[in-house]
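Geometric and topological summary
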Amino acid sequence: MNVVKQIRSNLFLLFILFVFSKTAFSFNVTEKKILALKGDCNTQYQLGLYYQKGKDKDLIEAYYWMKKAAMQNHIAACRYVGRAHLYGKGTSVTIELAKQWFLTGANQGDFHSMLDLGYCLELEKNWIESAAWYKIAHQFGNTNALKRLNNVLKNITNSEKDEIELLVTQIQTSISE
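Residues numbered from 1 in each chain as written. Predicted model: local features only at pLDDT ≥ 70, side-chain atom pairs only at ≥ 80, totals over all residues. Heavy atoms only, no water.

1. Some details on the packing of helix α4 (residues 59-70) against helix α5 (residues 75-87)
Contact pair α4 / α5: the axes reach a minimum separation of 8 Å and the direction vectors enclose 135°. For the element pair α4 / α5, the angle class is oblique. For the element pair α4 and α5, the recorded crossing hand is left-handed. In contact with L59, A62, Y63, M66, K67, A69 and A70 of α4, α5 contributes A77, C78, Y80, V81, A84 and H85. Among the residues making up the contact of α4 with α5, the classes are represented as 11 nonpolar, one polar and one charged. (Axes fitted to C-alpha atoms, helices over the stretch in contact; angles between N-to-C directions. Helix = DSSP H or I, 4+ residues; strand = E, 2+ residues; numbered from the N terminus. Parallel < 35°, antiparallel > 145°, perpendicular 65-115°, else oblique. Left-handed = near helix turned anticlockwise from the far one by under 90°. Contact = heavy atoms within 4.5 Å. Nonpolar A, V, L, I, M, F, W, Y, C, P; charged D, E, K, R; others polar.)

Rendered as structure tokens:
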């Protein structure tokens, strides 16, 4: 008898969850686009995510909405646009633009953008700047940055390590301004 009650209770909860999810989590693209076109950066970001992974996947459309949000300094959108340029998702591969967008996010304290900026600099074999950004990303809590930092430090002489510390200080000052 207890088993039957438990099954009924679970079925009822599943039904409520199903009904609730259809109403509370519905995504009306037209309504979202109206809000986004009015300049709502969070809605622009949501549309970007929708087109990145939703049922109407379109990386060019995702990039369009993410860039609109990024232009309003939405941190996650800045990171997305940077990665889009780094990997050519919905736009061309342009490492300079990737670095610019990662820098925008990094200057707002986003340690993911700091790590990605360090990676771009590493690709360019700019070991000192790369190490500085990895070090800062680690200081901001990015656990992956330490592994990357140690890898980059293999390319840096002892005399160049002082340059890293100086650059870290300069960057930290610009982040806190």
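So much for the structure itself; the text now carries on.
2. Here we look at the pattern of salt bridges
Two side chains carrying opposite charge are able to pair once their charged atoms lie near each other. The final tally for this structure, using the stated rule, is six salt bridges. The partner of E96 in a salt bridge is K99, and the shortest N-O contact between them spans 3.1 Å. Within this pair, E96 and its partner K99 are both found in helix α6 (residues 95-106), separated by three residues, close to a single helical turn. The class for E96 is partly exposed, based on a relative accessible area of 42%. Here K135 makes a salt bridge to E165, at a shortest N to O gap of 2.2 Å. Of this pair, K135 sits in helix α8 (residues 127-139) while E165 sits in helix α10 (residues 158-176), placing them 30 residues apart in sequence. Taking the relative accessible area as the measure of exposure, K135 reaches 23% and is therefore partly exposed. A cluster of three or more residues bridged by salt bridges with shared partners is formed by E96, K99 and E124. (Salt bridge = Lys/Arg side-chain N within 4 Å of Asp/Glu carboxyl O. Buried < 20%, exposed > 50% of the residue type's maximum accessible area, 1.4 Å probe, protein only.)

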